[in-house]
Amino acid sequence: MPIIFMSAKAEDMDIVQGLTAGGDDYIVKPFQPIQLLSRVKAQLRRYRQYNDNNDSGKNLHYRELSMDTQSRQVWVNGREIRLTMKEYEILQLLLLNKGMVLSIPQIYERVWREEFLHSENTVMMHIANLRNKIKEATEGEEYVQTVWGRGYKL
């Protein structure tokens, strides 16, 4: 995630320190809100552009499950499993965030690419279908875990 420093310190060394410490941009107060908004949009555009391209050609793995992001195929124990587009995208999101708990709103907004408006059943239904397909290929083994009150993880 991009980091933009907002500070009243306007000396060259302050700006250099902010950028050296990991900042992606530095804006000095006072500033016009439209200028900050433009900088945020530019940073997010770059972040999305570079992160979307980083996934192509990657093979993702978790235990006996593997995913080829170029051909959009998934295998469990060497057996291909057929997923719908949304199931595939949910699984890819979970694989890219192994061990991290993702909430239903996070999953919905990243997979459907629209604002979450209490559509919990939509995500839960797709996760249930995904679990069933993986269970069938692994003879009952659980891959997608529910973290009660928080969300899902691999």
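Notes on the structure in this doc start here. (Residues numbered from 1 in each chain as written. Predicted model: local features only at pLDDT ≥ 70, side-chain atom pairs only at ≥ 80, totals over all residues. Heavy atoms only, no water.)

Turning to the pattern of salt bridges, a few remarks are in order. Considering all chains together, one arrives at nine salt bridges under this definition. Here Lys-133 ties to Glu-87 by a salt bridge, and the two come within 2.7 Å at their closest N and O atoms. Of this pair, Lys-133 sits in helix H5 (residues 120–138) while Glu-87 sits in helix H3 (residues 85–96), and the two are 46 residues apart along the sequence. Classification of Lys-133 by relative accessible area gives partly exposed; the value is 27%. Residue classification places Glu-87 among the buried positions, given a relative accessible area of 2%. Glu-89 is the salt-bridge partner of Arg-113, the closest N and O atoms lying 3.7 Å from each other. With Arg-113 in the loop between helix H4 (104–112) and H5 and Glu-89 in helix H3, the pair connects residues that are 24 residues apart, well separated along the chain. Taking the relative accessible area as the measure of exposure, Arg-113 reaches 64% and is therefore exposed. (Salt bridge = Lys/Arg side-chain N within 4 Å of Asp/Glu carboxyl O. Helix = DSSP H or I, 4+ residues; strand = E, 2+ residues; numbered from the N terminus. Buried < 20%, exposed > 50% of the residue type's maximum accessible area, 1.4 Å probe, protein only.)

Attention shifts here to the sheet that holds strand S5 (residues 73–76). Sheets are built from strands paired through backbone hydrogen bonds, the pairs being either parallel or antiparallel. Spatial strand order, S3-S4-S5-S6: four strands in an open sheet with antiparallel pairing. Sheet topology places strand S3 (59–62) and strand S6 (79–81) at the edges, where each strand pairs with a single neighbour. Put simply, the sheet's adjacent strands are angled 25° from each other on average, direction ignored. Here four bridges tie S3 to strand S4 (residues 65–68), and the two strands are oriented antiparallel to one another. Paired with Tyr-62 across the bridge in S4 is Leu-65. Its contacts with the sheet place H3 against S3, S4 and S5, and it is angled at close to 110° to S4. Lying over the sheet, H5 contacts S4, S5 and S6, oriented at roughly 165° with respect to S6. (Pairing = 2+ DSSP bridges. Axes fitted to C-alpha atoms, helices over the stretch in contact; angles between N-to-C directions. Contact = heavy atoms within 4.5 Å.)

The subject of this paragraph is the packing of aromatic side chains. In total, this model carries four aromatic pairs according to the counting rule given. A centroid spacing of 5.7 Å and a plane angle of 75° characterise the contact between Tyr-62 and Tyr-143, whose relative ring orientation is edge-to-face. Note that Tyr-62 is positioned in strand S3 and Tyr-143 in the loop between H5 and strand S7 (145–147), a separation of 81 residues in sequence. Note on Tyr-62: relative accessible area 16%, which makes it buried. On the basis of relative accessible area, Tyr-143 is assigned to the buried category, the value being 2%. An aromatic cluster is present here, built from Tyr-108, Trp-112 and Phe-116 joined pairwise through their rings. (Phe/Tyr/Trp six-rings, centres within 6.5 Å; stacked < 30°, edge-to-face > 60°.)

This brings us to H5. Taking 1.5 Å of rise per residue, 19 residues should cover 27 Å, and H5 covers 27 Å from first to last C-alpha, within 8% of that figure. Within H5, the full set of buried residues consists of Val-123, His-126, Ile-127, Leu-130, Arg-131, Ile-134, Ala-137 and Thr-138. Take H5 and look down its axis: the buried residues cluster within an arc of 140°, on one side only. Those residues of H5 that are exposed and aimed more than 90 degrees away from the buried face are Asn-121 and Glu-136. Once H5 ends, the next one or two residues include Glu-139, with phi positive near 60°. (Expected span 1.5 Å × (residues − 1). Arc of directions from axis to C-beta.)

This part is about the packing of H4 against H5. In the contact formed by H4 and H5, the axes pass within 9 Å of each other and the chain directions differ by 80°. As far as their axial angle goes, H5 and H4 are roughly perpendicular. Of the residues in H5, those in contact with Ile-104, Ile-107, Tyr-108 and Trp-112 of H4 are Glu-120, Thr-122, Val-123, Met-124, His-126 and Ile-127. Split into classes, the residues belonging to the contact of H4 with H5 amount to seven nonpolar, two polar and one charged. (Parallel < 35°, antiparallel > 145°, perpendicular 65-115°, else oblique. Nonpolar A, V, L, I, M, F, W, Y, C, P; charged D, E, K, R; others polar.)

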